[in-house]
Each structure stands twice: as structure tokens, then as C-alpha cells.
Amino acid sequence: MKIQKSGILRHLLALVAAGVVTTAPGGLNAEPLKIAYSDWPGWVAWEIGIKKDWFKEEGVEVEFAWYDYVASMDAYAAGQIDAVSMTNGDALVTGATGKPSVGILINDYSNGNDMVVGKPGVESLKDLAGKKIGLEEGFVTHLLFLKGLEMNKIDGSSITIVNTPTNETPQVLSSGAVDAIAAWQPNSGEALKLVSGSKPIFTSADAPGLIYDVLYVDPESLEKNRDAWKKVVKVWYKIVAFLKDEDNLDEALEILASRVSISPEEYEPFLAGTYILTPEEVKPIWEKADGLGSIYGSSVISDEFNVKYEVYEKPLDTEKYLDPSLTLEVLAEMEK
Amino acid sequence: MRFSHRGTKDSREPWFGVRRDLSAKRSSILSLVSFALPLAIWAGVSYLPFLWHPDIRLQISADREDVATVYIAGDRVSKGFFPQITSAVRDQNASIEAQWKSDDPLGGSTESAVRRSNKKILRHLAPVLISNGVIDEGQSKDDAAIYRAWKDIAEGTLDLDSPELAGENITIVQQNWKSMRSVSETYDSDNSISRPLLSLIPQGKSANPDYLPSPDQVVAAGVKIFTQPPEGDRPSMLQRVGHSMRIVFGGFFLAALIGVPVGVLCGTYSFFSKLVEPFTDFFRYMPAPTFSTLLVAIFLANDAPKIALVFVGTFFQLVLVVSNTTRRLDLPLLEAAQTLGANQMQLLMRVVIPGILPNLYNDLRILLGWAWTWLVIAELIGVKSGLTEFIETQGRFRNFDMVYPVIILIGLIGFFTDQILALLRGVVFPYTDEGSAASANPVIKALLFLPRWFKDAAEQRLPHLPDKSTHPTRA
């Protein structure tokens, strides 16, 4: 399988641009924290805190900017924003090719919403031999796809990867240009809907813990505004408490679905595929351990993948990309 | 002329005459037909089911257990796939009925999950109730009202006709009502039914694919999106129109502000032409969108990179077009002025610029149309905005009935801007051929009345006022 370097080139370009730009907007304390988020259900959940004015209540000024996923990482690498919602694997890619970051908050793990969708006739990953798959090269869905091949002991060399922006994957699948796509909700769901008879042939539920969805912060901003970032973490756990209360489900769905312009009915199944982590559930994940049950272990596995498949060249110090202290402090305060 | 004067009556004239103009009346009729024809084809394909209609448009959601894809009322599925969904829902119902009889009526799931799924099943009736006028648009989650409707249908006191409920669905309503009644006659949020209910079988009627909504849907969507007030960070449609126009006109005016002087210099002096044009000629072959990531990096988010993209896309063309227009100015005019002793500055300001103005105006009109073509790409870079953001998001979720009104609107804005500019040409340049033709136009006459009146009044008071516009070379 040949991996083109276009994703990396884009990041190199962003890095060059960052050098030009960093002189312009300084990370002043008075400035609101600029956070980029995109259409992944675990991040759309921030919308609840935004709509309910909880950031103001907590006394922290934030500015959420809505991006396409890869564009959000480009914007982060270009120094335009202070934090970006990424998967733990993509944080490493962005770090190796653009700009490093520190994960301070785990929103969720992907539990089925990231998926490889095969068109009718493609019943499993094995059926993809000699065929084409559309996915965003070097990023999370690529990782998922490779993991699927590995788990099913499939040699991927005969499968052609067509670099496709994730939000275009439904149209690309329905156009017949590819035989499968890899995407996350709501894009994967749109693809399933668009192509009658298509089905998920491998999902993140088959490899839980491979993809953690995290808030990654610019190390410089974290150092300067640690208290403000802690408040952001606090708001997140308020959002989690709200989401986990069944009585709020209709209201929550209304807010979440309207952000991505679909109906609440269509949105509801996404909640199962994105496992939002409660305070109790997230603590063991922040503990250092091998394997996918810990974000440390998961990041090491992503790192090895990225090196093996030449997304970047050298292994990274993955521990540097994680800082559980803010979450743990907030959770300790909540328990009091 | 044998052919044209044979009869005075229009009806005697042939409709098809080689290179013969049709009468004004006939021209108008054909102009109307040219718009009516596509509309008629569109309406025909939309409203005559036997012409195409490969899909089923759902009236009742197709929501299956364990399948993340929910087809809601209004969605379309192909006629081949529809039976698969309905049979899947029927199988699901059969297994639920089997569960009722078994020891584990919950079928292994938790009570809260069953409660939630029951709530959803009851709400599946909402779209049908809304289109029958039983409940309002805003009541799709009003569980009490929906509960009442289930009761009324089961007891036969409520008949639905647009659309009707299929016979099997009436049976399902009655079966479910038995479970519901055993818990409560009216909706009770604390005491909801914990026995799983049966799902309604998806119903629908034949329709075209979602990318070809019918005219009435497009009109309804158009009315809806243009009357929607702004909500939160979502601008209203008028604000979006304003935003898009700011970007197009911003980029265009910047390009004209710099490009016109440069172009005029290039067309006038060989020095500037040789200095500027080769590079410009090279640069214009680099498509403006290729600069988008750079522009975002340099100008950051918001409008600046978008305006810059329109600028990059327009400026280089503009310089070349303007210099070319300048070069086409009649040489004798310049020679005459030189004979009269005009110096460099006078040649430029008194001959070249006044001489090319009418053509320059036309160039800019065409280039403004050119600038519009960059709008869509410009609005996609950085933070998406304006009309394109709307088209993008709605298109991505296949709400194409929302997309058509916006596309048509962009067309109308472009068309009318151009028409207005064409009309104004007659006002601004009455001395050109097109201008004098235009000044016979009643609209133009009305427009010209006031300025003419002022001019006449002024001339009466100041009889020696020189009329520069007709004698640009008089030094």
C-alpha cells in the first residue's frame, strides 16, 4: 500500500506558515481561549456548554471555532488557535509534522461511530482486495482501516487508497468511484443512507480504545492560562453530567443535532457509537499502562502505526502529549 | 421586399424565416416560453409519477434496532431498498411479539432503554399527525398529544386521510394501545410503558430522488429559509446575502482600484507594458484557489483571505483586459491632441482616460461577473461563510430543496446587477452608440429626467459652461 505524502506536505506548509504568523497574534492572557472543534459527536457535545452559557458562568472566556476536522488541525498548526479537538493518534501526526500539543481532557472513545463502510457486495475487509477505499490519508480513519487489516490478517498491498476529505466520503461512495470509505459520524451515517444496501464492515467498536477523542492544547497557552483551561475542563464535566441524565436527552439531542444540521432522531444512534466518559470511567484511562485501555498505551500503539506506515519517520515521546493533571484536579474537587 | 410586406397582420408572417426578425410581440412570447419551458419540464417530471419517480419518500420513519441509520419522514429510499426496510421492521415486530410471550418481556435490554425506544416509536406517528393537521409542527415531541392520538386512532375516533395509515399499521396501533392502556389512559411521564412496543411499518409514496425536489418544495423551502430569523451564531439569509456580496464586491473593488490605473499605464506606455504584463500574464495561469491555504495562513480566518482570493482571481485578468482596452483607443485621437500641443499628462488625463471610459465600464462589468465565479471557493476557505456555507451544509445533508433557492438567488443577483449596470451605461455614456440606443428606453428616460433637468437649469444660468464630455480634447 502506498502512502502519499500530501497530508504531511500540507502540515509542512502549515509549519512554514506558522513561522510567519506566530509573530502576529500573541497568546495574551486577556484574549479568550480559542478552541477549534469539528463534527465528531464527542466534540459537538461542547455545544451544550456553549448554548447554556456555562463557560461564562465558570468565568472563563472561550471562543469556539467550527471547522472541518483536518482544517481544524491545520489552523492549530498555523498558530491561529489555542486548542483543537483531535484523536490521540492525529495529535501525534499533527505534532510530528506541524505543532505539538498536550491533551488535557478525554471526551470519549470511539465505540462504533468511526467505520469502514462497504458498498453493496463488499461484505468484509477481505472483499476489498484489488479494490479502492476513500479515506483521509494519514489521519484517524486511515489508522482504523490499517488496524482492521491487521486484526483480520489481510495484506493491504492490493487495496488502493483514494485520499478523500471525510466530509466528501458519502458523495464519493455514492458516485461509485470507490468500493468503500472510512469515515466517522455523521459522515459515515450519511454514506450508509445515501448508498442503499451499504454496510459497516469494520468499526471502532471492533477495536475500542484505539481512538480516544481529546482536547489538545498549545503547550504555551497551557502554561500561561492553566487556571482558565482547568475551568474549561470543569465545564466539560458539567456537560457530561447533563448528557448522562436521561431526562435531558431530548434537549441535548436538539442542541447536538442542530449543530450538524440533522434531525434529533437521526442523531440519537450516534450517542451509542461515541462513548462519552464519566469521571469514574476516565480515571483508569489516564493511568499509564500498555494496551488500548489506557490513553498512554493507545498513543504508543498509534505512534508505532504511524511510523510503520510512514505517516512520519521517527517515533515520538508520546507521554509528552498527555497531561492528566487538570482533569484529575477537577475530578478531585468534584468529589469533595 | 416581397416577404415582409405581403400582409400587415402578424399571423400571416412565418414563424421560421431565415435570418428574419420576429415581431416584438412574438419575441416577447418566445422570451416567456424560454423560461416557461424548463419550468414545465421540471413540473412534469415532479408531478407525473409515471415519468420517473425511482424513489419512495417516507411518511413514517424507518428506525430499526441495532442499525445506526435512521430514515426519518421526508427521507427517500430507492424502490428496490424500501421492501428490505419494511421487512426488517416486520421481523423486528415479530420477535418483539415473541418476547411478550416469553419469560423475559424486555428481551435482554434494560428498562430505561425500552422506555426510550417506546417513546421514539410513539413519536414515529408525529409526522403523519402533523400532515393530517392533528398536531402542530412544533408538537413533534409533545408526548401527551401524540399519546392521545394513538388512543383515538386505536379506538377509531380519529381517521387519518392525508396520508392514510396502512391497514397493518392500524393493527399495530391497536396492539400497542393495549399495552399502553394497561399502564395509563393518558400520557404519564413517570409511569411509562416498560413492555416493548411494536414499530410502525414504514410508509411512503413514490418520488423523485432528493436532488430533484418538486417546484412546490423548492418554493416552500425558499419561503422558509428567507423568513427564518437569525439564530445564535447562525445568520439570517439576508445577512448571508450581504456577507457574500461584501466578499465579491470587496475583492472586485480592491482589484479595480489597483488594477485599473496599472492597466491604463500599461496600455499607454510601452515601458509599463513590458515591465508588468509578462509577469501578470504568467501569474494569471496559476488558479486562484491554489493560493487558498497560503491566503488563510497570511490573512488568518474570517473575511480577509476570502476577499484576497477574489482579488487574486480578478486582479491579473483585470490588468490585462484594461491595458488591452486602453491600447485599442483610436490612434488619430492621440495624434490630433498632440498636434494641438497636448503634453504627456494632458494626453493621459484628457484623451486616454475619457476615451476608454465607455469600454472600461464594459470591461469592469464583465470582470464583476468573473469575480462572482470565485465566490464559492472563497467562501469555503478558512471559516466557511455566507451563502456557500449554507449550500455546503444543506447539500451535505442532502436538503437540496434548501439549496435550489440559494443557487437561483445567486443567479438573480448576478443577472440583475448586470442588467442594472447595462442600463446605467446609457445614463453615464449617452454619447456612445449603445448609450443613445439605451436613452430611448423608457426606464432610462425616467432615470435621466432629473439629471437632465438640473443640467438644463444650470446651462440656462451659466450659458458659457463648457461641455467637456463631448469635446474631451479641448485643452
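Conventions we followed
- Residues numbered from 1 in each chain as written.
- Chains lettered and ligands numbered in written order.
- Predicted model: local features only at pLDDT ≥ 70, side-chain atom pairs only at ≥ 80, totals over all residues.
- Heavy atoms only, no water.
- Domains from an automatic or database assignment.
- Helix = DSSP H or I, 4+ residues; strand = E, 2+ residues; numbered from the N terminus.
- Polar contact = N/O pair within 3.5 Å; in protein donor to acceptor, adjacent residues only side chain to side chain.
- Contact = heavy atoms within 4.5 Å.
- Buried area = accessible area lost by both parts, 1.4 Å probe.
- Salt bridge = Lys/Arg side-chain N within 4 Å of Asp/Glu carboxyl O.
- pLDDT = per-residue confidence, 0-100.
- Buried < 20%, exposed > 50% of the residue type's maximum accessible area, 1.4 Å probe, protein only.
- Pairing = 2+ DSSP bridges.
- Core = buried A, V, L, I, M, F, W, Y, C linked by side-chain atoms within 4.5 Å.

1. A look at the domain arrangement of chain B
According to the domain assignment, chain B consists of domain 1 (56-207) and domain 2 (237-461). On a C-alpha basis, the centroid separation for the pair domain 1 of chain B and domain 2 of chain B is 58 Å.

2. As for the side chain of A:D114
Residue and element names in this part refer to chain A. Locating D114 in the fold gives a position in strand β5 (residues 114-118). Separated by 2.5 Å, the side chains of D114 and S110 make a polar contact. Those residues within four positions of D114 in sequence are excluded, and the remaining contacts are W40, T141, L144, A183, W184, F202, T203, S204 and I211.

3. Quick notes on the interface of chain A and chain B
At the interface, 35 residues of chain A touch 30 residues of chain B. Here chain A and chain B share an interface that buries about 2900 Å² over both sides, 51% of which is from carbon and sulfur atoms. Where chain A touches chain B, the interface holds eight salt bridges. With a closest N to O distance of 3.0 Å, A:D68 and B:K384 form a salt bridge. The tally of links between chain A and chain B comes to eight residue pairs in polar contact (both at pLDDT 80 or more). Counting only elements with at least two residues in the side of chain A that touches chain B, the list comes to α1 (6-21), α9 (187-194), α12 (249-259) and α13 (264-267) of chain A.

4. Quick look at the confidence of the model for chain B
All names here are of chain B. Mean pLDDT over chain B stands at 86; residues scoring 70 or higher make up 90%. Throughout residues 1-7 the model reports pLDDT below 50, and contacts reaching past four residues in sequence, or to other chains, amount to six contacts. Note on residues 465-475: pLDDT is under 50 here. Beyond four places in sequence and across chains, it has nine contacts.

5. Observations regarding the pairing of strand β1 (residues 33-37) of chain A
Residue and element names in this part refer to chain A. With four of five residues buried, β1 is to be regarded as a mostly interior element. Pairing of β1 with strand β2 (residues 62-66), which is carried by five bridges, proceeds in the parallel orientation. Within the sheet, the bridge partner assigned to Y37 lies in β2 and is W66. Pairing geometry for β1 and strand β3 (residues 83-87), over two bridges, is parallel. Bridge pairing in β3 links A36 to V84.

6. So, the nonpolar core
Residue and element names in this part refer to chain A. Membership of the largest hydrophobic core comes to 98 residues, with the highest contact counts inside it found for W46, I104, V116, I133, F145, L215 and W229. Ranked by residues supplied to this core, first place goes to helix α11 (residues 226-244) with ten residues. Here this core spans two domains, and each of domain 1 (6-109 + 211-335) and domain 2 (114-206) adds at least three residues to it.

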